[in-house]
Amino acid sequence: MESFSIVSNMSKNQYLKVMLLGLYSKPAFIAVVLFGGYLVIFNESYQQVVLGLAFVLSPVIIALIAARQFGSSPGSGDDIAFTFGENGITVEGSTCRSEFTWEHIVKQKEISNFLILYHSKRVGNFVDKRKLSAAQLQFIKDCVGKKKETL
């Protein structure tokens, strides 16, 4: 496929939504929330209710802290230009420019309208899937984790 480019951005509210959906879909957080709900419903003491509410709300608290950090970063919410090609991705924002080969994209995840391309275990780029055609999205998915061919 020929190289293609899109311009994407993410608001603080969109980031918060993606974080919440991501956290509430993890098995560990589901277990914590369910246990917290159990403590709230079948409480025997005030302390259990407070602890249960803390467990139930922990993903919200984590997401709010992350969204606050997102909003304080220079360039957050700005347009980001992504160029996808056979060799990798170029990411350009108002305060940065990065290039990643496909082998350095370690995983992908789809949450809501965003495709997250991780270049480390915890850090990735959020690409607005609505700006991609079905063929472009499939091209990206097929390329993620692609190893360099040896000559």
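Placed above this text is the structure.
Note that this is a predicted model, so its numbers are computed, not measured.

## A look at the overall build of the protein
When helices and strands are tallied, the protein shows four helices and seven strands. Scanning the protein from its N terminus toward the C terminus, one meets helices and strands in the order β-α-α-α-β-β-β-β-β-β-α. What you see for the protein is a C-alpha radius of gyration of 19 Å, clearly larger than the 15 Å of a compact globule of 151 residues, by over 25%. Evaluated residue by residue, the protein yields a buried proportion of 32% over its 151 residues. In the protein, the share of contacts with a sequence separation of at least 24, taken over all contacts with a separation of at least 6, comes to 52%. When the accessible surface of the protein is totalled, it reaches about 9500 Å², and 58% of it is carbon and sulfur.

## Quick look at the environment of Ile 80
Relative to the helices and strands, Ile 80 is located in strand β2 (residues 80–84). Residues Ile 80 and Met 19, spaced 61 residues apart in sequence, show a C-alpha to C-alpha distance of 19 Å. Setting aside chain neighbours within four positions, we find Ile 80 in contact with Ile 6, Val 7, Ser 8, Val 91, Glu 92 and Gly 93.

## Brief notes about the packing of aromatic side chains
This model, assessed by the stated rule, comprises 10 aromatic pairs. Consider the rings of Phe 84 and Trp 102, whose centres lie 6.5 Å apart with planes at 15°: the pair is stacked. Of the two residues, Phe 84 sits in strand β2 while Trp 102 sits in the loop between β4 (97–101) and β5 (107–111), which places them 18 residues apart along the sequence. Residues Phe 84 and Trp 102 agree in their burial class; the two are buried.

## Some remarks on the nonpolar core
Residues Phe 82, Phe 84, Ile 89, Trp 102, Leu 117, Val 127 and Ile 140 are the most contacted members of the largest nonpolar core, which totals 19 residues. Breaking this core down by element, the ones donating at least two residues are β1 (4–8), β2, β3 (88–92), β6 (114–118) and α4 (134–143). Sort the elements by how many residues they give to this core and α4 lands first, with four residues. If we skip the residues at most four places from it in the chain, Val 127 touches Ile 6, Ser 8, Phe 82, Phe 84, Asn 113, Phe 114, Leu 115, Leu 117 and Leu 132. Tyr 15, Ala 66, Ile 111 and Ile 116 belong to the second largest nonpolar core, which has 14 residues in total.

## Observations regarding the environment of His 119
Tracing the sequence through the fold places His 119 in the loop between β6 and β7 (124–128). His 119 sits 14 residues away from Ile 105 along the chain, and the two C-alpha atoms are 4.5 Å apart. Ignoring anything within four residues of it in the chain, the contact list for His 119 reads Phe 100, His 104, Ile 105, Val 106, Gly 124 and Asn 125. Here the side chain of His 119 touches Asn 125 through a polar contact of 3.3 Å, side chain to side chain.

## Regarding the layout of surface pockets
Quantified by volume, the largest pocket comes out at close to 1200 Å³. Among the secondary structure elements, those contributing two or more residues to the lining of the largest pocket are α1 (12–24), α3 (46–72), β2, β4, β5, β6 and β7. Considering only residue class, the lining of the largest pocket consists of 19 nonpolar, 15 polar and six charged.

Rules used in this analysis
- Residues numbered from 1 in each chain as written.
- Predicted model: local features only at pLDDT ≥ 70, side-chain atom pairs only at ≥ 80, totals over all residues.
- Heavy atoms only, no water.
- Helix = DSSP H or I, 4+ residues; strand = E, 2+ residues; numbered from the N terminus.
- Rg over C-alpha atoms; globule rule 2.2 N^0.38 Å.
- Buried < 20%, exposed > 50% of the residue type's maximum accessible area, 1.4 Å probe, protein only.
- Contact = heavy atoms within 4.5 Å.
- Areas by Shrake-Rupley, 256 points an atom, 1.4 Å probe, with all protein chains shown as cover.
- Phe/Tyr/Trp six-rings, centres within 6.5 Å; stacked < 30°, edge-to-face > 60°.
- Core = buried A, V, L, I, M, F, W, Y, C linked by side-chain atoms within 4.5 Å.
- Polar contact = N/O pair within 3.5 Å; in protein donor to acceptor, adjacent residues only side chain to side chain.
- 1 Å grid on protein atoms, 1.4 Å probe; cavity = no way out; pocket = protein on both sides within 12 Å on 5 of 7 lines; lining within 4 Å.
- Points joined across faces, edges and corners; volume = space filled by probe spheres on them.
- Nonpolar A, V, L, I, M, F, W, Y, C, P; charged D, E, K, R; others polar.

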